[in-house]
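# Secondary and tertiary structure notes
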Amino acid sequence: MTAELVDTLIRRGGYTHPLFNPPDPGSDGGPPLPGQAVLLLMGGLVEQSGQLDDAIALLELRRMRFHQLVRAGTTLRVRIERLASRSTSSGKVVAELRWTAVDADGADVAEAEAVMLMNESGKADPR
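Calculation notes
- Residues numbered from 1 in each chain as written.
- Predicted model: local features only at pLDDT ≥ 70, side-chain atom pairs only at ≥ 80, totals over all residues.
- Heavy atoms only, no water.
- Helix = DSSP H or I, 4+ residues; strand = E, 2+ residues; numbered from the N terminus.
- Buried < 20%, exposed > 50% of the residue type's maximum accessible area, 1.4 Å probe, protein only.
- Contact = heavy atoms within 4.5 Å.
- Polar contact = N/O pair within 3.5 Å; in protein donor to acceptor, adjacent residues only side chain to side chain.
- Expected span 1.5 Å × (residues − 1).
- Core = buried A, V, L, I, M, F, W, Y, C linked by side-chain atoms within 4.5 Å.
- Pairing = 2+ DSSP bridges.
- Axes fitted to C-alpha atoms, helices over the stretch in contact; angles between N-to-C directions.

## Thoughts on the overall build of the chain
- What the chain contains, in helices and strands, is two helices and four strands.
- Listing every helix and strand of the chain by position from the N terminus yields α-α-β-β-β-β.
- By residue count, 34% of the 127 residues in the chain fall in the buried class.
- Looking at the chain alone, contacts between residues at least 24 apart form 62% of all its contacts between residues at least 6 apart.

## So, helix 1 (residues 3-13)
- Taken together, the buried positions of helix 1 are occupied by V6, T8, L9 and I10.
- Of the residues flanking the end of helix 1, it is G14, one or two places downstream, whose phi is positive at about 75°.

## Let's talk about the side chain of D103
- Relative to the helices and strands, D103 is located in the loop between strand 3 (93-102) and strand 4 (108-118).
- In this structure the side chain of D103 is engaged in a polar contact, spanning 2.9 Å, whose partner is the backbone nitrogen of D105.
- Aside from chain neighbours lying at most four places away, what touches D103 is Q68, T74, T75 and V109.

## A short note on the environment of G43
- Mapping G43 onto the fold places it in helix 2 (residues 35-49).
- Judged by its relative accessible area of 19%, G43 falls in the buried class.
- Taking the C-alpha atoms as reference points, G43 and A114, separated by 71 residues in sequence, lie 10.0 Å from one another.

## A short note on helix 2
- With 15 residues, helix 2 extends 21 Å between its outermost C-alpha atoms, agreeing within 8% with the 21 Å of an ideal straight helix rising 1.5 Å per residue.
- All of the buried residues along helix 2 are A37, V38, L41, M42, G43 and V46.
- Against the buried residues of helix 2 lie helix 1, strand 1 (55-66), strand 2 (77-87), strand 3 and strand 4.
- Remark: G50 follows helix 2 within two positions and exhibits a positive phi of approximately 80°.

## Observations regarding the nonpolar core
- The biggest cluster of nonpolar side chains holds 25 residues, and the ones touching the most others in it are L33, M42, L52, W99 and M116.
- Not counting residues up to four positions away in its chain, the partners in contact with M116 are L52, A55, A57, L58, L59, V93, V94, A95, L97 and W99.

## Structural notes on the sheet that holds strand 2
- One open sheet accounts for four strands, arranged 1-4-3-2; its pairing is antiparallel. On the outer flanks of this sheet lie strand 1 and strand 2, each paired with one strand and no other. Between one strand and the next, the sheet's axes are offset by a mean angle of 20°, whatever the strand orientation.
- Both strand 3 and strand 4 contribute to a ladder of ten bridges, which runs antiparallel. Bridge assignment links A101 to a residue of strand 4, and that residue is A110.
- Where helix 2 meets the sheet, its contacts fall on strand 1, strand 2, strand 3 and strand 4, and the angle it forms with strand 2 comes to roughly 75°.

Rendered as structure tokens:
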């Protein structure tokens, strides 16, 4: 994650809290990324993973947890695990998934539980 990306997400997201202002000259580190921006990046990483190519729609996000701040220089990846699933009468699957963002050291940064509508092909099982 570059300082430019952090700055762009903060500016375009319209975050006004002083926590997200650029630091004073001479201070260590830059501003942290807002939690909503971390979630946005997690969603993009999930899309790029190819593990959920059979997804039709994100139905719900629940139980967001943030374990540490994300700043420029952080490397993120997302683990995806299926918690539960059920078939619908139309032949689709409603899958409950946990997305866990981890940094380069493998430490958990954030996690969210996502409920997604999926095609029933079986390719979408990220286990």
